[in-house]
Amino acid sequence: MDMPTSARPLDLVSDFPAIPDGWAYLDTAATAQKPRAVIDAIARGYSQTYATVHRGVYQRSAEMTLAFENARRRTAAFIGARSPEEVIFVRGATEGINLVAQSWGGTFLKPGDRIMLSVLEHHSNIVPWQMIAERTGAAIDVAPLTANGRIDLDAMAAMLTERHRIVALAHVSNVLGSVLDARRAAALAHGVGALLLLDGCQAVPRMPVDVAALGCDFYVFSAHKLYGPTGIGVLWGRGDLLEAMPPVQGGGAMIDKVSFEKTTFAPPPARFEAGTPHVVGVLGLEAAIGYVEAIGLEAISAHEEALVRSARDALGSLNSVRLFGPDDSAGIVSFALEGVHPHDVGTILDESRVAIRAGHHCAQPLMASLGVDATARASFGVYNGPGDVEALVRGIERVRRIFG
Ligand SMILES: Cc1ncc(COP(=O)(O)O)c(C=O)c1O
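Presented here is a report on the structure given in the accompanying data block. Everything numeric in this text was worked out from a predicted model, so none of it was measured.

Quick look at the side chain of Glu 273 now. With respect to the helices and strands, Glu 273 occurs in the loop between β10 (264–265) and α9 (279–295). There is a polar contact of 2.9 Å between the side chain of Glu 273 and the side chain of Arg 72. The residues contacting Glu 273, other than those within four sequence positions of it, are Arg 72, Val 87, Ile 88, Phe 89, Gly 252 and Ala 253.

In structure tokens, the structure reads:
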């Protein structure tokens, strides 16, 4: 398979010990494989430098606290945050969105207020808003998609009113790979006095992200999709917004003073980080950031764009394949094979050592709007190359032969 000449193919698979020769891992949108640099940082964290943070008076703990807060600074710089205090470590994007919905939404949403989502959202950017809408009496509106699977910002502009208090959208769709015009979404939200939350799960591993340049108010992502560990993620919020938000979990580390008469809370980020944090997870996240920065997010973006283009060209030339999403999707190709359930596609591809995702991808409303129960999805990472696209296409040809 020819890669377009503009692409600079990366050849990094040897950095990933869990990818054996001949295995085409095409499920990075679910979770990314881990490079040796991240595995080593985690191993070092537990085998050499381990201690708790923010509590110990002994040197090891003081050093770990420095390393932990340094990782927060590194994370802030990675996404263009003004200050490390705007970076809250959470379990993942799901927890980040729930935190905003419960804390900000629980405080500021009133009956009659409206929340704007879109058809293509992951369930983790739908259900937390439904839960808080139920609690506060707010209502949810859903922006439709354009014919090629982008959030239709013209339609959204026509739907937005001064009753809308927050707009929450995926920066990149986990099913279609479509990239949001985030700056325009921010301008539209702010134009009616609403905030913009971006779900950056699929964007952060695939393109440079600068929250200040995007003009959003909250941004969330999960480390495990960025070649880092599971159980750690980031909620970035504008400093003045976080200042005004109450904690959603109480416990150690998030307080200023505790008495049975009255407890006062620490400023952000500590206010939102109750309990002992995932210390080594944060070090793993920092290593993952270092790993992708060394490659360059622009180079990663160009690499995945080339893989998507060759996969779409090859799959699109098979007349029984239906492709979803726009041609310039970021790193993700969803498709269906006429007359074959995506689960069968996935199972047969697995026999050919090609790992894809098949299902609703935690986006049932999107499936309904596409008129399907499920899709097959191939998603790329820095370790994939033209050989993986060839293996995918060979595997799909085998599925077609098996199903006649
Ligand atoms: C767009 C998007 N949002 C949110 C999530 C939820 O991420 P996590 O399960 O890591 O919290 C995912 C994960 O699949 C996703 O792709």
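We now examine the pairing of strand β4 (residues 139–143). By the bridge criterion, 5 bridges tie strand β3 (residues 114–118) to β4 in an arrangement that is parallel. The residue bridging Leu 117 from the neighbouring strand is Val 142, located in β4. With helix α4 (residues 127–136) bridging β3 and its parallel neighbour β4, the resulting β-α-β unit is right-handed.

Sheets are built from strands that pair by backbone hydrogen bonding, the pairs being arranged parallel or antiparallel. In space, the 7 strands of this open sheet follow the order β2-β8-β7-β6-β5-β3-β4, with mixed pairing throughout. Of all strands in the sheet, those with a lone pairing partner are β2 (87–90) and β4, marking the two edges. In this sheet, adjacent strand axes meet at a mean angle of 20° when their direction is disregarded. On top of the sheet, helix α3 (residues 93–108) reaches β2, β5 (164–170), β6 (195–199), β7 (218–222) and β8 (233–237); it is set at about 155° to β7, its chief contact. Relative to the sheet, helix α6 (residues 182–191) contacts β5 and β6, its axis offset from that of β6 by approximately 150°.

So, about the site of the ligand. Around the ligand sit Gly 92, Ala 93, Thr 94, His 122, Ser 124, Asn 174, Asp 199, Cys 201, Gln 202, Ser 222, His 224 and Lys 225, and that is every residue in its neighbourhood. Side-chain polar atom of Gln 202 to an oxygen atom of the ligand: 2.7 Å apart, as the coordinates give it. Contact distances for the ligand include 2.7 Å between an oxygen atom and a side-chain N or O atom of Ser 222. Here the ligand loses 84% of its free accessible area of 390 Å² to cover by the protein chains. Of the residues contributing to the shell around the ligand, the split by class is 2 nonpolar, 8 polar and 2 charged.

Rules used in this analysis
- Residues numbered from 1 in each chain as written.
- Predicted model: local features only at pLDDT ≥ 70, side-chain atom pairs only at ≥ 80, totals over all residues.
- Heavy atoms only, no water.
- Helix = DSSP H or I, 4+ residues; strand = E, 2+ residues; numbered from the N terminus.
- Polar contact = N/O pair within 3.5 Å; in protein donor to acceptor, adjacent residues only side chain to side chain.
- Contact = heavy atoms within 4.5 Å.
- Pairing = 2+ DSSP bridges.
- Right-handed = clockwise from strand over helix to strand, strands pointing away.
- Axes fitted to C-alpha atoms, helices over the stretch in contact; angles between N-to-C directions.
- Near = heavy atom within 4 Å.
- Areas by Shrake-Rupley, 256 points an atom, 1.4 Å probe, with all protein chains shown as cover.
- Nonpolar A, V, L, I, M, F, W, Y, C, P; charged D, E, K, R; others polar.

Remember that the coordinates give geometry; whether it matters functionally is a separate question.
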